[in-house]
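Topology and contacts: notes
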Amino acid sequence: MDVTRRGFITTTVTAAGVAAVPNAASAAHTDHDHQALPSDFALRVKSLESLLVEKGLVDSAALDALVDIYEHKVGPRNGARVVAKAWSDPEYKRRLLTDADTAIAELGFVGQQGEHMVVVENTPAIHNMVVCTLCSCYPWPTLGLPPIWYKSAPYRSRAVIDPRGVLREFGLEIPAHVELRVWDSTAEIRYLVLPERPAGSESLDQEALAALVTRDSMIGTGRPLSPGESATP
Amino acid sequence: MNGPHDMGGMQTFGPVRPAENAAVSHSAWEERIMAIWAAMGSWRKWNIDSGRQARESLPPAEYLSLSYSQLRYAQALKLLVEGGLVTPAEIERGKATKASPKLTPALSADKVAAYWRNGSPKTRDVAVEAKFRVGQQVRARNVHPVTHTRLPRYARGRVGVIERDRGVFVFPDTNAQYLGEKPQHVYSVRFLARELWGDQANALDTVMIDMWHDYLESA
């Protein structure tokens, strides 16, 4: 079996060029990926797609439909609506924290990588933060595909051993008297953080509240915006 | 296996640089390979756990040199070949060999919405006794399987407390080997950061790790 695996790597992956990425070593620092990514990956994926289409294994229109879901149907605006509803409706919040699958399904945000949801609440005493050290598990229906940093080695490795240092890189300082609770998504449960409702937002309706909810605030690496504050680009 | 993917606790990868890495991808091919990966899953030649194993068993230097999307591509090639769906020669040429059978039907566009909405639940509706109860002290087993596992190295041998019982799920260690689903309880286990990392950690901080029954023993 080991022979097969190694054989595959040297014949297929190398032949297809994966192992021959120029400057590949620097790609471990994901912030350099955009320099190391060879444009021929686009060609390789295109070539793979045409092979799979020729063999009847995929339908390009289905791939278009999947990409449309990634780009337009899922994303952090969905999660923001969940959070805004929880902020304004105590009964919904109770359901969300006890049975997130059902509560999120009420808003229609169901699907792949959102089958088993748990929502964890930030309080003055607890700050929650989510990571997947083993791969990059993430709640797609509510947050969309994960940002590059979430999938990167620096975040995956350090979020558990140095979460406070990682959060400082996001501009977030958690006081020592607050418990920092890191959720490592090692199983099939996907976590969404319910951030604290910002001060001064009492009069806002759900739509205005949702506009304050940032993606990072639902991962636990950011805070929601304050009323009147605009998102940094 | 103790592979390069199990990176919790490593310290030498540098800063996160969230602003520079805020996008979900750098270019369109990355979403295309995600879509190919998702569509190919409908052939059921592999499962989520054997898929992860294919990625994790790459040699460490190769794994660490690839970005997330490049890994997805490498993983797809490996499983396509292992599953007998394409040959290395076909990948290299980008063309099907003449005699190769055409498999149909592929996942069609009109089925994508249902495929997405239905998801792929990993819970199983079977009666399995919960051996641990909330509040009980447990130890993560000090085991080092050479095949796929979701028990991170940094937790092995460490003592924590059962926080929640999440229900009965497919067991990745057997599922990845096509040895059956062996459904069992998954628990969220609370570890003090100091139990994992010593005194350098903040005294109040905790790490919650989801663990299958077989990863745990009483402590």
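Time to look at the interface of chain A and chain B. Between chain A and chain B, the residue contacts involve 100 residues of the former and 99 residues of the latter. Taken together, chain A and chain B are joined by 5 salt bridges. Between the two partners, chain A and chain B, sit 37 residue pairs in polar contact (both at pLDDT 80 or more). Among the elements that line the side of chain A that touches chain B, the one with the most residues is helix α3 (residues 40-54) of chain A, at 12 residues. For the side of chain A that touches chain B, the residue count by class is 59 nonpolar, 18 polar and 23 charged.

On to the confidence of the model for chain B, then. Summing up the model confidence of chain B, the mean pLDDT is 95 and the portion of residues at 70 or higher is 100%. This complex was scored by the predictor with a pTM of 0.91 and an ipTM of 0.97.

To continue, consider the sheet that holds strand β3 (residues 179-184) of chain A. If you trace the 7 strands from one edge of the open sheet to the other, you get β2(A)-β3(A)-β4(B)-β3(B)-β2(B)-β1(B)-β5(B), paired in mixed fashion. If you trace the sheet from one side to the other, it starts and ends with β2 (126-131) of chain A together with β5 (216-218) of chain B, each paired once. Pairs of neighbouring strands in the sheet enclose a mean axial angle of 35°, with direction left out of account. Relative to strand β2 (residues 159-169) of chain B, strand β1 (residues 137-140) of chain B runs antiparallel, the two being bridged by 3 bridges. Within the sheet, the bridge partner assigned to Gln137(B) lies in β2(B) and is Val161(B).

Rules of the game
- Residues numbered from 1 in each chain as written.
- Chains lettered and ligands numbered in written order.
- Predicted model: local features only at pLDDT ≥ 70, side-chain atom pairs only at ≥ 80, totals over all residues.
- Heavy atoms only, no water.
- Contact = heavy atoms within 4.5 Å.
- Salt bridge = Lys/Arg side-chain N within 4 Å of Asp/Glu carboxyl O.
- Polar contact = N/O pair within 3.5 Å; in protein donor to acceptor, adjacent residues only side chain to side chain.
- Helix = DSSP H or I, 4+ residues; strand = E, 2+ residues; numbered from the N terminus.
- Nonpolar A, V, L, I, M, F, W, Y, C, P; charged D, E, K, R; others polar.
- pLDDT = per-residue confidence, 0-100.
- Pairing = 2+ DSSP bridges.
- Axes fitted to C-alpha atoms, helices over the stretch in contact; angles between N-to-C directions.

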